[in-house]
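One letter stands for each residue in the lines below.
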Amino acid sequence: MPPRRPALARGALLSSTGVLRRLASPGERAPLSRSWLAALLLVLVGVVVLGGVAVRFAPAGSSVAVWWPAAGLAAAFLLATGPDRRRAGLVVLGVLVATGLANWYGGRPPLAAACFGVANAAESAVFWACMAGSGRRPRLGSLEDLGRLLLATVAGAATFGLLAGAAVELTLAGTFLPTAYAVAASHAAAVLVIAPLGVVVRSRRSQRLRLEDVLQWVALIGVTLAVFGTTRAVPLAFLPLPVLVWGATRLHLRTVAAQLLVVSVVVIVLTNRGDGPFATAARQSGYRPETVGALTQAFLVTAAVTTLALAVSTVQRRTALEALRREAQFASVVLDSVTSSIVVVGPDGRVERVNAMAARYLGRQESEVVGVPVGEVFPADPATSSAVPGAEGVEGVDAGPREQDWDVDGLGVRRMVWSRGFLTDEAGRRTHEVRTGTDVTEELASRLFIETVLNSAAATAIIGTDRDGVITLFNAGATNLLGRAAEDVVGELNWVELHDPDEIEEAARQQGVEPGPEVIVHEVLRTGESRNRDWTWLTSDGQRIVVDHTTSRILDPSGRVTGFLTVAEDVTQRREADLATAQALAREREAVEELTALDRTKTDFLSAVSHELRTPLASVLGYTELLEDGGAGPLSPRQNEVVARIDRNGRRLLALIEDLLINSRIEAGQLDLAHVPCDLVPVVETVWDAAVVQAQHRDLDLRLDLPEGPVVVEGDPAALERVVTNLLSNAVKFTPDGGRVELVLAAEGQPTVGGPDGGVDRGVAHWGQGVPMARIAFRDTGIGIPHGDRGQVFRRFYRSAAATDRAVPGTGLGLSIVKAVVDGLGGTVDVESQEGAGSTFTVRLPLARSTAKHSD
Ligand code: ADP
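Anyway, here's the lowdown on the structure attached to this text. Small disclaimer: the values here were computed from a predicted structure and weren't measured.

## As for the packing of helix H5 (residues 110-132) against helix H6 (residues 143-171)
So, point 1. Their axes nearest at 8 Å, the elements H5 and H6 cross at an angle of 165°. Judged on the interaxial angle alone, H6 and H5 are roughly antiparallel. Between H5 and H6 the crossing geometry is right-handed.
So, point 2. Split by residue class, the contact of H5 with H6 holds 19 nonpolar, 5 polar and 2 charged.

Structure, rendered in structure tokens:
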């Protein structure tokens, strides 16, 4: 196998050389097939035989043959060969040799035979040149093709006539003109009858033999034999013609050509025998044999021209009809396969055609609609009732698309958009209107849906743009926000013009791009994701608003960016509020910092002052003790009383100073309690004794209830003393004369219902069963604490209104210190109180482990 050439090279070769060469001389390089050469040989043998026979059968006394079928055979073969120059040349050469031989064989001298050979060859060459010289394959498809055949026949025959006349005059001593005339006619008749077979031999075979074909053949042969096979004097030569015409209009061109040949052979043979109207007339009237020949040729030419003309135009008409039918079928298939509804309206305003879709939408068959006035098909819209012949259809301008609602069976109401086109006649007048309807219901619904969505977002601006930022969509929210109407903006404005130019310039500088619409989408394009940030817009009246701006790309199905969509919300007030809140917070923080600093200064000051006061006060108290003990000499009762008062107030002052110092330590987070075993009994006893001394001038019922054994807790003895002092002094302080103050110290563990606790908090263990605790309860029948204040008594500086009203001395620090110490030792302090009836403060502290075991 030869290697394949690359397609490109092959194509280039074809286009540059091959095609041009083929066009210049079509088929010149086509190989000479064996079958063709065999056919040529056969045809040439036929030419020799037919030529010899024709010469033999020339009418007695005539110098030439009546009919020269050899010329017809050569012409037919040339037509079958087509526009191939090489083959045509071979045929012409063959004809020269064959006819020369035939003439010599027929008895002519060699020179004359040679001349006749040349004349025959020249005829063939001229005929071929006329029929296929232009490179076109000979056809018999139209009357023009037939005209060309007649012309080629006449030209070839005339050529032969001239050359043969000259040959007869020069070599056979005959006369030029009669010979030329006679041979030209005989050749023309033969070519005209036989040559068409060369064209039709290539045409498609008809499917099968029909009865009509058989009948026509029988009629033709019968009539021809009847007319030409008798010696009747009645001239009925025209009779075969109608039968030939029958065949021409009904049968295939190939059959028609064959019939012409058959009729010609029959007529020639019979006339030659002396039968038929021409021979009979010649005998009766004494015509010359040449005249009989001429009559026969005239008959054959007439029959051939008439029959062929009719046959060809029949073929032409059939072809045209077939093309028309196919065109109509094509149009019909196209009409029915489109998804639009098509209605064709005729010149009388009535429907002429509807396609399948239109019939479906109308809910009627096409046959039911055709012929109906178009106004009844489109009833809803009065504007459509004027049909094509109306002013609008014929003269006026196209109405353009028009919308109409159709109630369609099974589909409901459909919105149709109609467009119109017109068919015109040769004068350009409109004859038919073609209405094309498209169902846009779904598109309309989704468009309305989107419009509703867009416009219902009244407080949200939705703005669409094309790739360059020109606004394509502007919803009601955008109008509300910017004070601009959609129609003034869409297609008119670039969205960058909505922005604060300074801000755009600043953003452009940061991004390193030119100020313009690019700035807004720079990040979106870079990351391919939606972006959210604040921008400043300018409203139509020049106001600046801050919008929370989310921008996304709009992509087409192939993923290219076709535009952008922005959803924005006015956040001006929110941002202002955020700013104000931030500023307020900052101010508050500053104030707190200032106050904290101030508080620290105060605490530091108090702590310093307390320290400074304690030392001299301790000294003062030391001296009063000295005085009381008589260390400075005996005192009079009055002096004793004064010293006792100095001592009492000095101790109060010392307690106050202790409170201030502990408070300072608490505030500084430096309470630092010791955790040592500490028996509460002596602590309570010491404090109780001091209190009894201080309250000796008061009228109070003071009761102390101590357990038998020690109550040891892990704690700080000094701090515990402060706890007991503060709570006991409160009970004494807030109980008016005549009241009672009780202090109960007990250890408790398991629930001790009805336990021996002297009636205080009788027998109810409040919590944690099994957790051994020391309990110190301070119960008084004093002024009590208002219910609403109970939660606040442990806050620093809290003093009840009753305390201040009654001018009970105090600082409001005592209970806060109690709480801080008890918490620090892992205990609790509770208060129960009733205003005007008294209060009970209960401190619980975990017992030290060894003691706890004991107390079990
Ligand atoms: P101070 O006793 O110096 O006022 P405290 O912190 O000890 O400060 O007490 C705070 C407040 O709680 C008192 O001012 C008083 O209003 C109230 N309070 C404390 N103990 C009692 C009590 N036993 N009876 C009534 N009110 C009390």
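## Remarks on helix H25 (residues 680-694)
So, point 1. Given a rise of 1.5 Å per residue, 15 residues ought to cover 21 Å, and the 21 Å separating the end C-alpha atoms of H25 matches this to within 8%.
So, point 2. Its side-chain oxygen placed 3.0 Å from the backbone nitrogen of Val-681, Asp-679 serves as the N-cap of H25.

## Focus: the packing of aromatic side chains
So, point 1. Under the criterion given, the structure shown has 8 aromatic pairs.
So, point 2. With a centroid separation of 5.3 Å and 55° between ring planes, the pair formed by Phe-228 and Phe-299 is classed as tilted. Pair noted here: Phe-228 is in helix H9 (residues 211-228) and Phe-299 is in helix H13 (residues 289-337), with a separation of 71 residues, a long-range link. Comparing Phe-228 with Phe-299 shows no difference in burial state: the two are buried.
So, point 3. Through a chain of ring-to-ring contacts, the aromatic side chains of Phe-228, Phe-278 and Phe-299 assemble into a single cluster.
So, point 4. Residue placement shows Arg-108 over the ring face of Phe-116; its charged tip is 4.4 Å from the ring centre.

## Comments concerning the sheet that holds strand E16 (residues 828-834)
For sheets, the rule is that strands pair by backbone hydrogen bonds, running either parallel or antiparallel.
So, point 1. Spatial ordering of the open sheet is given by E12-E14-E15-E17-E16, a layout of 5 strands whose pairing is mixed. In the strand order of this sheet, the two ends are held by strand E12 (701-705) and E16, each with one partner. Direction aside, the axes of adjacent strands within the sheet are offset by 10° on average.
So, point 2. Here E16 pairs with strand E17 (residues 838-846) via 7 bridges, running antiparallel. Paired with Asp-830 across the strands is Thr-842, a residue of E17.
So, point 3. Set on the sheet, H25 makes contact with E12, strand E14 (740-748) and strand E15 (773-780); between it and E14 the angle comes to about 175°.

## Overview of the pattern of salt bridges
Any two side chains of opposite charge can pair, given that their charged atoms come close.
So, point 1. Enumeration over the complete set of coordinates arrives at 38 salt bridges.
So, point 2. The shortest N-O distance in the salt bridge between Arg-544 and Asp-500 comes to 2.3 Å. A residue pair is termed long-range when its members are at least 10 positions apart, and Arg-544 in strand E9 (residues 544-555) and Asp-500 in the loop between helix H20 (486-489) and helix H21 (501-511) qualify at 44 residues.
So, point 3. Put simply, Lys-819 and Asp-823 hold a salt bridge, and the shortest N to O gap is 3.2 Å. Of this pair, Lys-819 and Asp-823 both sit in helix H28 (residues 814-824), 4 residues apart, which is roughly one turn of that helix.
So, point 4. Residue classification places Asp-823 among the partly exposed residues on the basis of a relative accessible area of 40%.
So, point 5. Shared partners join several salt bridges into a network, and the residues in it are Asp-701, Arg-703, Arg-740 and Glu-742.

## Thoughts on the site of the ligand
So, point 1. Taken together, the neighbourhood of the ligand is formed by 20 residues, with Asn-730, Lys-733, Arg-799, Ser-800 and Leu-815 sitting nearest.
So, point 2. Note that an oxygen atom of the ligand is positioned 2.7 Å from one of the side-chain N or O atoms of Asn-730.
So, point 3. At 3.2 Å from an oxygen atom of the ligand is found a main-chain nitrogen or oxygen belonging to Gly-812.
So, point 4. Within the complex, the protein chains bury 98% of what would otherwise be the 520 Å² of accessible surface of the ligand.
So, point 5. Taken together, the elements giving at least two residues each to the shell around the ligand come down to helix H26 (717-733), H28 and E17.
So, point 6. The leading source of residues in the shell around the ligand is H26, at 3 residues.
So, point 7. Tallied by class, residues from the shell around the ligand come to 9 nonpolar, 8 polar and 3 charged.

## Considerations on the pairing of E14
So, point 1. Taking burial as the measure, the 9 residues of E14 include 7 buried ones, the bulk of the element.
So, point 2. Across 5 bridges, the pairing between E12 and E14 is parallel. Across the sheet, residue Asp-701 finds its bridge partner in E14, namely Arg-740.
So, point 3. Alignment of E14 against E15, held across 8 bridges, turns out to be antiparallel. For Leu-745, the partnering residue across the bridge sits in E15 and is Ile-776.

So, how was this worked out
- Residues numbered from 1 in each chain as written.
- Predicted model: local features only at pLDDT ≥ 70, side-chain atom pairs only at ≥ 80, totals over all residues.
- Heavy atoms only, no water.
- Axes fitted to C-alpha atoms, helices over the stretch in contact; angles between N-to-C directions.
- Helix = DSSP H or I, 4+ residues; strand = E, 2+ residues; numbered from the N terminus.
- Parallel < 35°, antiparallel > 145°, perpendicular 65-115°, else oblique.
- Left-handed = near helix turned anticlockwise from the far one by under 90°.
- Nonpolar A, V, L, I, M, F, W, Y, C, P; charged D, E, K, R; others polar.
- Expected span 1.5 Å × (residues − 1).
- Polar contact = N/O pair within 3.5 Å; in protein donor to acceptor, adjacent residues only side chain to side chain.
- Phe/Tyr/Trp six-rings, centres within 6.5 Å; stacked < 30°, edge-to-face > 60°.
- Buried < 20%, exposed > 50% of the residue type's maximum accessible area, 1.4 Å probe, protein only.
- Lys NZ or Arg CZ within 6 Å of the ring centre and 35° of its normal.
- Pairing = 2+ DSSP bridges.
- Contact = heavy atoms within 4.5 Å.
- Salt bridge = Lys/Arg side-chain N within 4 Å of Asp/Glu carboxyl O.
- Near = heavy atom within 4 Å.
- Areas by Shrake-Rupley, 256 points an atom, 1.4 Å probe, with all protein chains shown as cover.

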